[in-house]
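Report on the structure
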Amino acid sequence: INGGDYCSILVKTREGRPIKIEGNTDSKVTKGGTSARVQASVLSLYDTSRLRSPMVKAKRGFDNVSWDEIDKAVAGKLEANPNANIRLLTSTVISPSTKKVFAAFAAKYPNTKVVSYDALSYSGMLMANMASKGKSEIPDYDFAKAKTIVSIDADFLGTWISPVEFTKGYTSNRKVSKEKPDMSRHYHFESRMSLTGSNADYRVAVLPSELGVVALNLYDAVTGSNTAGGVKLKDEAKQARLKEAAEWLKKNRGASLVVSGCNDVNVQLVVNAINDALGNYGNTISFDNASMLRQGSDSSVKTLVNELVGGQVNILMVHDCNPVYDHPMGASLADAMAKADLSISFASNMNETAEKCGYVCPDHHYLESW
């Protein structure tokens, strides 16, 4: 994973130095595809601003120390208080071996909690799936099987969940030939310009405040209900397009797909209900191979910040994320981190969160630790 993008890759090297990344065509997920972010990740390996040794905060900035020195200092503080309240704040981790390390650490220090954080949160979807399906997971979306696709601000070709994977499925259903004369029909409702919107058959621009209205009206049009209470899109042409999308969804029950990029649990619940009504679960949507690429919990991160503000966290460790920079409560987090007895960042560059930590222990780049 790099920046949230998952790709199975092959790396070309020269004298042991990675110089080029290509997709792995044997992968059943990405099927040889890569993203611009993954392709560019080889450059970060040679970034001259990468930290070359661990550092400890001093009166004026940070001082370089050896790994032996920092191991003794950190281990000493851990052993001095084995019952300390420890919080490990990390980006989504899908590696079984890394999770095993976290579990082993938590077994030794029982008051440890691992908190997952995604800068681009999908917590609303996870909560909605737990409420309606009993699973706090993101399902597998099979765009190759969808004859009608309706997206409500989900840029699934550019940034949403697994765009490399979704692009392969989407494009396979958009190529017309003698053997396959029909292609999928794609309606896209969004409040911004996106790669997915530019490829849609019908793109409808709506206000951010209207995304929930789109979802409710689509549900009503599919099921014949009146949950929207008469609230509709102000533009009649856009409302007519929404009704047309609903008709095509009904024509392709079980072979359609409705997705939403809104991080609003209520909108996601409505989207789940639409897919339920269309019989899409078990066909174009499946939890059999659920995606684990987004596991962040907004409520857990908020609880962590409040714990830090209240002085309830003794040791904070930050792994592969920069919440001081990109979390809405980043300013509060930056101030509260000083209340922890020990704070450690594993950042490879001196970012905003690392600057607030007492120790910085730079992690390896994935291309040199592979």
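Structure report, in brief. This structure is a prediction, so every number in the text was calculated from the model and none was measured.

**A look at the pattern of salt bridges**
One pass over the full model with this rule turns up 11 salt bridges. Lys 133 is the partner of Asp 276 in a salt bridge, and the nearest nitrogen-oxygen pair spans 2.9 Å. Residue Asp 276 is found in helix α9 (residues 265-277), and its partner Lys 133 is found in helix α4 (residues 123-133); the two are separated by 143 residues along the sequence. In this structure Lys 133 comes out as partly exposed when scored by relative accessible area, which is 26%. Residues joined by salt bridges that share partners form a network here, namely Arg 185, Arg 241 and Glu 244.

**What to know about empty space enclosed by the protein**
For the structure on display, the rule yields 2 cavities of 30 Å³ or more. By volume, the largest cavity is sized at about 40 Å³. Lining the largest cavity are Ser 121, Tyr 122, Met 125, Trp 160, Ser 260, Gly 261, Cys 262, Asn 263 and Gln 268. Its boundaries defined by the atoms lining it, the second largest cavity holds a volume of some 30 Å³. Taken together, Tyr 117, Asp 118, Ser 121, Tyr 122, Gly 296, Ser 297, Asp 298 and Val 301 make up the full set of residues lining the second largest cavity. Taken together, the residues of the lining of the second largest cavity sort by class into 3 nonpolar, 3 polar and 2 charged.

**Brief notes about the sheet that holds strand β6 (residues 112-116)**
Ordered in space as β4-β3-β15-β14-β13-β5-β6, the 7 strands form an open sheet in which the pairing is mixed. Edge positions in the sheet fall to β4 (62-64) and β6, since each has one partner strand and no second. Relative to strand β15 (residues 359-360), strand β3 (residues 55-57) runs antiparallel, the two sharing 2 bridges. When the sheet's bridge partners are listed, Met 55 is paired in β15 with Val 360. In the packing of helix α10 (residues 298-309) onto the sheet, contacts are made with β5 (86-90), β6 and β13 (315-319), and the angle to β5 comes to roughly 135 degrees.

Conventions and cut-offs
Residues numbered from 1 in each chain as written. Predicted model: local features only at pLDDT ≥ 70, side-chain atom pairs only at ≥ 80, totals over all residues. Heavy atoms only, no water. Salt bridge = Lys/Arg side-chain N within 4 Å of Asp/Glu carboxyl O. Helix = DSSP H or I, 4+ residues; strand = E, 2+ residues; numbered from the N terminus. Buried < 20%, exposed > 50% of the residue type's maximum accessible area, 1.4 Å probe, protein only. 1 Å grid on protein atoms, 1.4 Å probe; cavity = no way out; pocket = protein on both sides within 12 Å on 5 of 7 lines; lining within 4 Å. Points joined across faces, edges and corners; volume = space filled by probe spheres on them. Nonpolar A, V, L, I, M, F, W, Y, C, P; charged D, E, K, R; others polar. Pairing = 2+ DSSP bridges. Contact = heavy atoms within 4.5 Å. Axes fitted to C-alpha atoms, helices over the stretch in contact; angles between N-to-C directions.

Read these as spatial facts, not as claims about activity.
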